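Results of the structural survey
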Amino acid sequence: MDILTINKISKRYGSLPVLKAVSLRVAEGAIFAIIGPNGAGKTTLFKVMTGESPSNGGTVLFQGEDVTSMPAFRRARKGMGRTFQVARVFNDFSVLENVVAAIEARRRSRGEPSGSFWAVAPDRLIVAEADALVVDIGLAHVRDTGARLLSHGDRKRLEFVIALALKPKVLMLDEPTAGMSPAERIGIADLIDRIRHQLGLTVVMTEHDMDIVFRLADRIMVLSYGEVVATGSVAEIKANTAVQEVYLGKE
């Protein structure tokens, strides 16, 4: 079953076409990677899929529902989570406080109990849930550290935890290993794979590190200048001569 379907999405900035009738289908529980050279339109496609930017044509279906005109916050409530190339966190909050805030936001948006409205401290059950996530993702050593003091890799992990705290059905990861060391990239890849299986998540990701893409992805779409060059399995993409010419190169 397809959880996310994009039909002939087009996007322009002024008179400049950025996406040209892009279509894709993402199966539930799969890892779907979008790759291509800089300027191919990958991040713009992410913005259109998540509702951050409106399209100029085409449709976005999430779990069979047309969400094309739905704002980003409503798509998030329906289960579309997202991270960014540059991690977006609350710099003045500790790691734990960032995750607590995300859980409280999720509970309120879904009408779930979030503690007494007159309380001056977070509900203990929310703190326990946040703490369990922080430990599971490998941030226990910086639990009480301010987000602005984190290393680049730990900031990316924190943003990942915040997205998971919202309990998404589809997790959109925009360059999840950008700026990381080789060891950190392997760690994030292992984390994505484990969480996908552990929670039954669907993952859509953009990524420049082809070792990571080929290791994780079930299917891959290649964009170039806003157009789809090819979509297929890892083996099919590696063997595609058009993809080799526009992006991968030849051995």
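The structure contained in this document is the topic of the report that follows. These numbers come from a predicted model, not from an experiment.

**Remarks on the overall build of the protein chain**
A tally of helices and strands in the protein chain yields nine helices and 10 strands. For a compact globule of 251 residues, the expected C-alpha radius of gyration is about 18 Å, and the protein chain comes in at 19 Å, within 12% of that figure. Its C-alpha atoms give the protein chain principal-axis dimensions of about 60 × 40 × 35 Å. In the protein chain, of all internal contacts separated by at least 6 residues, the share reaching a separation of at least 24 is 66%. With an accessible surface of roughly 12,000 Å², the protein chain has 53% of that area assigned to carbon and sulfur atoms. Once the 32 positive and 29 negative side-chain charges of the protein chain are each reduced to a mean point, those two points are 5 Å apart.

**Focus: the pattern of salt bridges**
Where charged atoms of side chains with opposite charge meet at close range, the side chains can pair. If you walk through the whole model with that rule in mind, you get 14 salt bridges. Across the pair Arg215 and Asp190 runs a salt bridge, and its minimum N-O distance is 2.1 Å. Linking Arg215 in helix α7 (residues 210-216) with Asp190 in helix α6 (residues 182-199), this pair joins segments that are 25 residues apart in sequence. Take Arg215: its relative accessible area is 46%, and that puts it in the partly exposed class. Overall, Asp190 belongs to the partly exposed group, its relative accessible area being 38%. Linking Asp193 and Arg196 is a salt bridge whose minimum nitrogen-to-oxygen distance equals 3.8 Å. One end of the pair, Asp193, and the other, Arg196, are both in helix α6, three residues apart, so they sit about a helical turn from each other. Salt bridges sharing common partners tie together Glu52, Arg82 and Asp174.

**What to know about the sheet that holds strand β7 (residues 170-174)**
The strand order across the open sheet formed by six strands is β6-β7-β8-β3-β9-β10, and the pairing between neighbours is mixed. With one partner strand each, in any of the chains shown, β6 (80-83) and β10 (227-232) form the two edges of the open sheet. Taken over all neighbouring pairs, the strand axes of this sheet differ in orientation by 15° on average, direction set aside. One ladder, built from four bridges, connects β6 with β7; its direction is parallel. Its bridge partner being in β7, Thr83 is matched across the sheet by Leu173.

**A closer look at helix α5 (residues 152-165)**
An ideal rise of 1.5 Å per residue puts 20 Å on 14 residues; α5 measures up with 20 Å between its terminal C-alpha atoms. Taken across its 14 residues, α5 has 13 buried, putting it largely inside the fold.

**Quick look at the nonpolar core**
One finds Val99, Leu158, Phe160, Ile192, Met205 and Ile220 to be the most contacted residues of the largest nonpolar core, which totals 48 residues. Looking at this core, the element that brings in the most residues is α5, giving seven residues. Not counting the four nearest positions on each side in its chain, Ile220 is found in contact with Ala33, Ile35, Val213, Phe214, Ala230, Thr231, Gly232, Val234 and Ile237. In this structure, Ile6, Val26, Val204 and Met221 belong to the second largest nonpolar core, which totals 25 residues.

**Some words on the packing of aromatic side chains**
Given two aromatic rings, their pairing is described by the distance between the two centres and the angle made by the two planes. Inspection of every chain in the model, using the stated rule, returns one aromatic pair. In this structure, Lys238 packs its charged tip against the face of Phe214, placed 4.7 Å from the ring centre.

**Digging into the environment of Val100**
Within the element layout of this structure, Val100 appears in helix α3 (residues 95-109). Taking C-alpha positions, Val100 is 26 Å from Lys47, a pair spaced 53 residues apart along the chain. Those residues in contact with Val100 that lie beyond four places of it in its chain are Pro122, Ile126, Val127 and Ala130.

Procedures and definitions
Residues numbered from 1 in each chain as written. Predicted model: local features only at pLDDT ≥ 70, side-chain atom pairs only at ≥ 80, totals over all residues. Heavy atoms only, no water. Helix = DSSP H or I, 4+ residues; strand = E, 2+ residues; numbered from the N terminus. Rg over C-alpha atoms; globule rule 2.2 N^0.38 Å. Contact = heavy atoms within 4.5 Å. Areas by Shrake-Rupley, 256 points an atom, 1.4 Å probe, with all protein chains shown as cover. Lys, Arg positive; Asp, Glu negative; His and termini not counted. Charge placed at Lys NZ, Arg CZ, Asp CG, Glu CD. Salt bridge = Lys/Arg side-chain N within 4 Å of Asp/Glu carboxyl O. Buried < 20%, exposed > 50% of the residue type's maximum accessible area, 1.4 Å probe, protein only. Pairing = 2+ DSSP bridges. Axes fitted to C-alpha atoms, helices over the stretch in contact; angles between N-to-C directions. Expected span 1.5 Å × (residues − 1). Core = buried A, V, L, I, M, F, W, Y, C linked by side-chain atoms within 4.5 Å. Phe/Tyr/Trp six-rings, centres within 6.5 Å; stacked < 30°, edge-to-face > 60°. Lys NZ or Arg CZ within 6 Å of the ring centre and 35° of its normal.

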